[in-house]
Amino acid sequence: MDWSILSIPAHGPLFEGAIAVYGEAFSRPPYSDPDRGREIRQRMRETHALRPGFQLLVACTGPERVVGMAYGYRGTAGQWWHDTVTRALKPLEAAEWLGDSYELVEIAVHPAVQGHGIGAGLIRELLADRPAATCVLSTRTDSDAHNLYRRLGFETIIEMPFTNGGYRST
């Protein structure tokens, strides 16, 4: 399958295609969250697209057929996820991992085309030429995404119980 990667703004037909792919991927187990696409559309437009280093990529198999999406931005103090993880880590670990980080916020590939290298291609392109010392992300422990992240060299630094709506302290 041939596909290409494009950088796009947080609006327009390709953006809506990215949201549709995201919604489809996250409506299935283990996520089973059919409203997540609507939530991420709002968060991306109202908050995330305004953050330093924001970039949204889509993978397309034709001029307007989106099959994958990924986005990220610079992690800084004052951002909910960054601050939540910083508090959970030891100070030296937080400084090492989050002191100069790029956050891979979301990635999704349509379930029908998973396993074709699209997710890895999106991540590699998103991180190409980034000046940040690290790239950080969070994912569910019961997700197959761990296999992709390990293949790309990501490491587990901490396990934290996130739920829909945020972090749950134990």
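Use the structure listed above.
In short, a report on the structure. This structure is a prediction, so every number in the text was calculated from the model and none was measured. (Residues numbered from 1 in each chain as written. Predicted model: local features only at pLDDT ≥ 70, side-chain atom pairs only at ≥ 80, totals over all residues. Heavy atoms only, no water.)

Considering the packing of helix H1 (residues 13-26) against helix H2 (residues 36-46)
And step 1. At a minimum axis distance of 8 Å, the contact between H1 and H2 shows a crossing angle of 140 degrees. Classed by the angle they form, the pair H1 and H2 counts as oblique. For the crossing formed where H1 meets H2, the hand is right-handed. For the pair formed by H1 and H2, the contact residues are Phe15, Glu16, Ile19, Tyr22, Gly23 and Phe26 on the first element and Arg36, Gly37, Ile40, Arg41, Met44 and Arg45 on the second.
And step 2. Tallied by class, residues from the contact of H1 with H2 come to 6 nonpolar, 2 polar and 4 charged. (Axes fitted to C-alpha atoms, helices over the stretch in contact; angles between N-to-C directions. Helix = DSSP H or I, 4+ residues; strand = E, 2+ residues; numbered from the N terminus. Parallel < 35°, antiparallel > 145°, perpendicular 65-115°, else oblique. Left-handed = near helix turned anticlockwise from the far one by under 90°. Contact = heavy atoms within 4.5 Å. Nonpolar A, V, L, I, M, F, W, Y, C, P; charged D, E, K, R; others polar.)

Side note on the sheet that holds strand E4 (residues 101-109)
And step 1. Strands sit in the order E1-E2-E3-E4-E5 across an open sheet of 5 strands; the sheet is mixed. Strand pairing shows two members of the sheet lacking a second neighbour, strand E1 (4-8) and strand E5 (134-136), which therefore form its edges. Neighbouring strand axes in the sheet, compared pairwise and without regard to direction, differ in orientation by 25 degrees on average.
And step 2. The pairing of E1 with strand E2 (residues 55-60) spans 5 bridges and is classified as antiparallel. Across the sheet, the residue bridging to leucine 6 is valine 58, located in E2.
And step 3. On the sheet, helix H5 (residues 118-127) packs against E1, E2, strand E3 (66-75), E4 and E5 and is oriented at approximately 155 degrees with respect to E4. (Pairing = 2+ DSSP bridges.)

Comments concerning the pattern of salt bridges
And step 1. Using the criterion set out here, one finds 9 salt bridges in the structure.
And step 2. As a salt-bridge pair, glutamate 106 and arginine 36 come within 3.7 Å of each other at their nearest N and O atoms. With glutamate 106 in strand E4 and arginine 36 in helix H2, this residue pair connects regions lying 70 residues apart in the sequence.
And step 3. Judged by its relative accessible area of 9%, glutamate 106 is buried.
And step 4. One salt bridge connects arginine 74 with aspartate 100, and the closest N-O pair in it is separated by 2.6 Å. In this pair, arginine 74 is assigned in strand E3 and aspartate 100 in the loop between helix H4 (91-98) and E4, connecting sequence segments 26 residues apart.
And step 5. Judged by its relative accessible area of 24%, arginine 74 falls in the partly exposed class.
And step 6. Taken together, the salt bridges that share partners define one network made up of Arg36, Glu39, Arg43 and Glu106. (Salt bridge = Lys/Arg side-chain N within 4 Å of Asp/Glu carboxyl O. Buried < 20%, exposed > 50% of the residue type's maximum accessible area, 1.4 Å probe, protein only.)

Description of H4
And step 1. Burial in H4 covers these residues: Ala94, Trp97 and Leu98. Projected down its long axis, H4 carries its buried residues within an arc of 85 degrees, all on one side. Of the residues in H4, the exposed ones pointing more than 90 degrees away from the buried face are Leu92 and Glu96.
And step 2. The elements touched by buried residues of H4 are E3, helix H3 (80-88), E4 and E5. (Arc of directions from axis to C-beta.)

Here we look at the packing of aromatic side chains
And step 1. Counting across every chain of the model gives 4 aromatic pairs.
And step 2. Geometrically, the ring pair formed by phenylalanine 54 and tyrosine 71 is tilted, given 5.7 Å between the ring centres and 50 degrees between the ring planes. One end of the pair, phenylalanine 54, is in the loop between H2 and E2; the other, tyrosine 71, is in strand E3, with 17 residues separating them in the sequence. Comparing phenylalanine 54 with tyrosine 71 shows no difference in burial state: the two are buried. (Phe/Tyr/Trp six-rings, centres within 6.5 Å; stacked < 30°, edge-to-face > 60°.)

Observations concerning the nonpolar core
And step 1. Core analysis: the biggest nonpolar cluster contains 23 residues, and Phe15, Met44, Leu56, Val58, Val66, Met69 and Tyr71 have the highest contact counts within it.
And step 2. Put simply, the parts of the chain that give this core at least two residues each are H1, H2, E2, E3 and E4.
And step 3. The leading source of residues in this core is H1, at 8 residues.
And step 4. Counting 21 residues, the second largest nonpolar core, distinct from the first, contains Leu104, Ile107, Leu122 and Leu126. (Core = buried A, V, L, I, M, F, W, Y, C linked by side-chain atoms within 4.5 Å.)

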